[in-house]
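Below are the chains, spelled out letter by letter.
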Amino acid sequence: MPHRLTALAELLAQFNMPCEIVGDPDREITGVATLDEAGPTEISFLSNAKYEKALSTTKAGAVIVSKEQEVPSGMCALRAPDPYAAVTVVMVHVHGYRKHERKGIDSRAVIDPTSKIGENPGIFHNVTVGENVTIGKNVVMYPGVYVARDCRIGDDCTLYPNVTVYDGCVLGNRVTIHAGSVIGEDGLGYAPVKGKWHKIPQIGIVEIGDDVEIGSNCSIDRATLGRTVIASGTKFSNLIAIGHGAKIGEDCMFVAQVGIAGSVTVGRHVTMAGKVGVAGHLHIGDEAQIAAMSGVMNDVPAGTSIAGAPAVPIKDAMRSFSYMARLPDMAKQIKQLEAQVEALQKKIGS
Amino acid sequence: MPHRLTALAELLAQFNMPCEIVGDPDREITGVATLDEAGPTEISFLSNAKYEKALSTTKAGAVIVSKEQEVPSGMCALRAPDPYAAVTVVMVHVHGYRKHERKGIDSRAVIDPTSKIGENPGIFHNVTVGENVTIGKNVVMYPGVYVARDCRIGDDCTLYPNVTVYDGCVLGNRVTIHAGSVIGEDGLGYAPVKGKWHKIPQIGIVEIGDDVEIGSNCSIDRATLGRTVIASGTKFSNLIAIGHGAKIGEDCMFVAQVGIAGSVTVGRHVTMAGKVGVAGHLHIGDEAQIAAMSGVMNDVPAGTSIAGAPAVPIKDAMRSFSYMARLPDMAKQIKQLEAQVEALQKKIGS
Amino acid sequence: MPHRLTALAELLAQFNMPCEIVGDPDREITGVATLDEAGPTEISFLSNAKYEKALSTTKAGAVIVSKEQEVPSGMCALRAPDPYAAVTVVMVHVHGYRKHERKGIDSRAVIDPTSKIGENPGIFHNVTVGENVTIGKNVVMYPGVYVARDCRIGDDCTLYPNVTVYDGCVLGNRVTIHAGSVIGEDGLGYAPVKGKWHKIPQIGIVEIGDDVEIGSNCSIDRATLGRTVIASGTKFSNLIAIGHGAKIGEDCMFVAQVGIAGSVTVGRHVTMAGKVGVAGHLHIGDEAQIAAMSGVMNDVPAGTSIAGAPAVPIKDAMRSFSYMARLPDMAKQIKQLEAQVEALQKKIGS
């Protein structure tokens, strides 16, 4: 079903994004695509000036641009207050999210009879659900998912293929876990005894709040005692490691390959860019922003932006980086000064 | 079955950890929990002064503390020489380790008839065991485990869901591999031929010793020729990458996201903190300790502690980090000296 | 079937690697092994001077060495122009690559009837293929593989156990994906709305070219719009994260734990060593070489070698590293200069 440009403008107005239509308001749009790949029935967008050149070559039927952006003559456009926010609304409207089949519980799934599964499930073949598990309604579990005994899973959760959830873990409502991620494996808990490592039972759990999305191939340790927590609204990319007993606050965003050591506490709405590492037992305050590849070795106050390894306030890190480039010059200056001072000393001594 | 405080004190005495009982020796304990989460029938512990405050608010029925630690009046306690070691003993006694069902070989497992499986197995549905595999006794394999042809697996091993073991690999006794880990995939072996990469057959194996525990979502390359080795007693956290032909010594501990390039040799009882990287063909001596996020570019002598990228002895690294913070001051000092010297030169020249 | 040394020399001559035979040309060889592990019917090789010592202790029946290399008396050898290239040819000839069974489509695989699978497949039990998937000929899929709806997979591909391919992704011919890797999960695409993260539909795909090999436990995000691309001939090691919309060129080689943020474009034949991170929207030119653990924060011109975090040309990085070690000395020199200048000022002032 095509969408006329004017209908999309009305949609955006409903989202408090009033748009100006440039060109034919009856232009019909069937999908959203990048400037490079869009065809004449697709709408595209420009939000990063870096890609402005593509405006002149795109075959898109229309583009969403900023209020000030000039567009080539003849091109249909929606001028929106925030083109990226606008295209997001259009994508949800035109394409929607991935649909999941919910055909009930496949006969080839292996569900322990003591488990309880809510209404309207989509439990595929080769899913395993252990003893005494409680699962809410509208839950989808793809093949290869393994949910061990005593877990509790809320409503509207989606577990993609080959996800493993260890015993006793708790997932809230609307939790999405992408393929291959592991929730609740034992953490690295050993007591050193005469040069050997003796395993400490890991009797805690992982507790995941509502509306959390975990990327693929992540590993979230259960707590030694108590809970490892990923609070509501938090989003993880892929290949993230969370140590035992860590507590991640609400509405955080962690980019790929972040690693959080055990017993770390992270406040709300903290952003960690790719490959950030945080040492054990630290506290990261609310709204902190941690640049990619930072190595955090100290508590981070709320609202702070840090970078580097070891991480320091981002301005200090940038200053250090720029001074590092000047080190050879500084060494030369010192050498020159030493020669000049020596010459002065000789002159005066004489 | 509850445990009286006096019984726990006797238990600890047997482990050479004589304790003083504070308060009611008949206090009944049913479990171990954190200070924050323990209830009146649970015992907790304090081993890190950082958490001392929680002593005054805990609802724990008893706490394990150090010999010197003061406790609020009315609180039951065990004063132990090493509270963390003591709570470990109590956890093993009260909770024990995860139990695995061993109901034999599930009829929905796919086991090649040429394979041999020892007594008392727990081979779940959807496990695959290839041709000519030998498996010891008491081995547990969860759904989604795949063991390829010609592997040899010792006694008392546990392979969690969705673990893959490639052909010909060897696991010792009491090996635990957590969910999603892959043992024996091909390493990055290619010969460059006119700008293309020609694959070199990877005909070696991975050999894992006794009492090794591998975390979740790890990847351990098979050797190009010969063996990649993880020696007995070594423990890995999650998301660790081991390159082809690397040989990791006994009783090492690697934290999450460590990466070891091909042909590295690591001695015994080496500790690598999170995200350490080691370049190819290096040797890391016994008992070395490598700080989080270090990038190791040279051999490391036995007993050395190193940090940084590139990694240097930890004292040098700390010194460099502190000098880096002083760089702007140093630059200012140099500028000032230059002005002063110029002034002196003028004065003297005149 | 054993291979005489003279036959191996003839083989190498065919590959433009003329060899000199040292010792008995009729020596029979049954396999290739490392110097440490080879027995009297195995051939080994020496290509890295670091391992020269092992020449005097090896039990190998023969060794491949460089033209100039001396060998112990009595040892059989092939002197080759490039011993590593030569042993590669011998390994392919003597051992070949891993063989895969292609017994058709196992009855316990779950294949949607709308999918099309080419001739001579090896689709194992517990494989899932969704609606409207097209698969070429000679394709092998091991247990636990999940291929979602609308994917297109070329000829001669191999998907190892527990690989997940999300809906709509495209694989070329001769693509190999090792165990546990995930292709096409949703990227980290959220719009910030009043402190919450609203999911942006990820409607793009992943497109993988011909002759690509992906290691184990990698995660390759689908594009938000359009395509994430891994072009022909590129080889990945393990635990690599590729962000949404990234486009990786032909014949690249990425070592373990590399992480590429969204919308990055990488040219052809780029090498990234272990743990490299590249920030979003950057361009990495053809033939660039990026040292291990580099943090790339700017575009990289073609042909450049860079290192460090933030990454700079490798010579500058090396220079910075060496100056960093000199910082304490520089600070001392500055202090001394200050004292000397002060003394001079006093002297002259008086």
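The coordinates are above.
Description of the structure in this document. (Residues numbered from 1 in each chain as written. Chains lettered and ligands numbered in written order. Predicted model: local features only at pLDDT ≥ 70, side-chain atom pairs only at ≥ 80, totals over all residues. Heavy atoms only, no water.)

Regarding the relation of the copies chain C and chain A
Logical step 1: For these two chains of identical sequence, chain C goes onto chain A by a turn of 120° and a shift of 0.0 Å along the axis, with RMSD 0.1 Å. On this basis, the relationship between the two copies can be described by a three-fold rotation axis. (Least-squares fit on C-alpha atoms with pLDDT ≥ 70 in both.)

A look at the interface of chain C and chain B
A common measure of how large an interface is: the accessible area buried when the components associate.
Logical step 1: Residue-level contacts link 62 residues of chain C with 70 residues of chain B.
Logical step 2: Regarding the contact of chain C and chain B, the summed buried area is about 5,200 Å², with carbon and sulfur atoms giving 63% of it.
Logical step 3: Applying the counting criterion to the chain C and chain B interface returns five salt bridges.
Logical step 4: With a closest N to O distance of 2.9 Å, Asp-167 of chain B and Arg-98 of chain C form a salt bridge.
Logical step 5: Counting the contacts that link chain C with chain B gives 27 residue pairs in polar contact (both at pLDDT 80 or more).
Logical step 6: Elements that contribute at least two residues to the side of chain C that touches chain B include exactly α2 (83-94), β28 (235-236), β31 (253-254) and α3 (314-349) of chain C.
Logical step 7: Top element by residues in the side of chain C that touches chain B is α3 of chain C. It accounts for 14 residues.
Logical step 8: Split into classes, the residues belonging to the side of chain C that touches chain B amount to 33 nonpolar, 17 polar and twelve charged. (Contact = heavy atoms within 4.5 Å. Buried area = accessible area lost by both parts, 1.4 Å probe. Salt bridge = Lys/Arg side-chain N within 4 Å of Asp/Glu carboxyl O. Polar contact = N/O pair within 3.5 Å; in protein donor to acceptor, adjacent residues only side chain to side chain. Helix = DSSP H or I, 4+ residues; strand = E, 2+ residues; numbered from the N terminus. Nonpolar A, V, L, I, M, F, W, Y, C, P; charged D, E, K, R; others polar.)

As for the packing of helix α1 (residues 5-14) of chain B against helix α2 (residues 83-94) of chain B
All names here are of chain B.
Logical step 1: Running from amino to carboxyl end, α1 crosses α2 at an angle of 115°, the nearest separation of the two axes being 10 Å. Our classification of the angle between α1 and α2 gives roughly perpendicular. The two elements α1 and α2 meet at a crossing, and its hand is right-handed. Counted together, Leu-8, Leu-11 and Leu-12 of α1 and Ala-86, Val-89, Val-90, His-93 and Val-94 of α2 form the full contact between these two elements. (Axes fitted to C-alpha atoms, helices over the stretch in contact; angles between N-to-C directions. Parallel < 35°, antiparallel > 145°, perpendicular 65-115°, else oblique. Left-handed = near helix turned anticlockwise from the far one by under 90°.)

Thoughts on a nonpolar patch on the surface
Logical step 1: On the surface, Met-297 of chain A together with Ile-314 and Met-318 of chain B cluster together into a nonpolar patch covering about 240 Å² of accessible area.
Logical step 2: Positionally, Met-297 of chain A belongs in the loop between β38 (295-296) and β39 (305-307).
Logical step 3: Overall, Met-297 of chain A belongs to the partly exposed group, its relative accessible area being 42%. (Patch = residues over 30% accessible without salt bridge, like charges linked within 9 Å, V, L, I, M, F, W, Y side chains within 5 Å. Areas by Shrake-Rupley, 256 points an atom, 1.4 Å probe, with all protein chains shown as cover. Buried < 20%, exposed > 50% of the residue type's maximum accessible area, 1.4 Å probe, protein only.)

With respect to the packing of aromatic side chains
Logical step 1: Applying the stated criterion to the full structure yields 18 aromatic pairs over all chains.
Logical step 2: Centre to centre, the rings of Tyr-166 of chain B and Tyr-160 of chain C are 4.9 Å apart; their planes meet at 40°, and the pair counts as tilted. Pair noted here: Tyr-166 of chain B is in the loop between β18 (164-165) and β19 (170-171) and Tyr-160 of chain C is in the loop between β17 (158-159) and β18 (164-165), and the two residues belong to different chains. Taken individually, Tyr-166 of chain B and Tyr-160 of chain C each receive the classification buried, so the pair is uniform in this respect.
Logical step 3: Three or more aromatic residues joined by ring pairs make a cluster, and in this case those are Phe-124, Tyr-142 and Tyr-160 of chain A together with Tyr-146 and Tyr-166 of chain C. (Phe/Tyr/Trp six-rings, centres within 6.5 Å; stacked < 30°, edge-to-face > 60°.)

A look at the interface of chain C and chain A
Logical step 1: On the side of chain A, 62 residues touch chain C, which itself brings 70 residues to the contact.
Logical step 2: Carbon and sulfur atoms make up 63% of the area that chain C and chain A hide from each other, which totals about 5,200 Å².
Logical step 3: Across the chain C-chain A interface, the total number found is five salt bridges.
Logical step 4: In this structure, Lys-199 of chain C engages Glu-213 of chain A in a salt bridge whose closest nitrogen and oxygen atoms are separated by 2.9 Å.
Logical step 5: Between the two partners, chain C and chain A, sit 27 residue pairs in polar contact (both at pLDDT 80 or more).
Logical step 6: At the level of secondary structure, the elements contributing two or more residues to the side of chain C that touches chain A comprise β21 (182-185), β22 (190-193), β23 (196-199), β26 (219-221) and α3 of chain C.
Logical step 7: Each residue belonging to the side of chain C that touches chain A can be placed in one class, and the counts come to 33 nonpolar, 23 polar and 14 charged.

Describing the sheet that holds strand β4 (residues 31-32) of chain B
Neighbouring strands of a sheet are bound in pairs by backbone hydrogen bonds; such pairs are parallel or else antiparallel.
All names here are of chain B.
Logical step 1: Taken together, five strands build an open sheet; the order of strands is β2-β7-β6-β5-β4 and the sheet is mixed. With partners counted over all chains shown, the strands left at the sheet margins are β2 (20-22) and β4, one partner each.
Logical step 2: Against the sheet, α1 contacts β2, β5 (42-45), β6 (62-66) and β7 (77-80), and its axis sits at roughly 15° relative to β7.
Logical step 3: Against the sheet, α2 engages β4, β5, β6 and β7, with an angle of about 145° to β6. (Pairing = 2+ DSSP bridges.)

Here we look at unusual backbone geometry
Peptide bonds are mostly trans, and most non-glycine residues show a negative phi.
All names here are of chain B.
Logical step 1: Omega for the bond connecting Ala-309 with Pro-310 falls within 30 degrees of zero, at 0°, which places this linkage in the cis form.
Logical step 2: As for its position among the elements, Pro-310 is in the loop between β39 (305-307) and β40 (312-313).
Logical step 3: Even without a glycine there, the phi angle at Asp-150 is positive, about 70°.
Logical step 4: Tracing the sequence through the fold places Asp-150 in the loop between β15 (146-147) and β16 (152-153).
Logical step 5: Since its relative accessible area comes to 30%, Asp-150 is described here as partly exposed.
Logical step 6: Unusually for a residue other than glycine, Asn-217 sits at a positive phi of about 55°.
Logical step 7: Tracing the sequence through the fold places Asn-217 in the loop between β25 (213-214) and β26 (219-221).

Everything listed here is a matter of geometry and, on its own, says nothing about what the molecule does.
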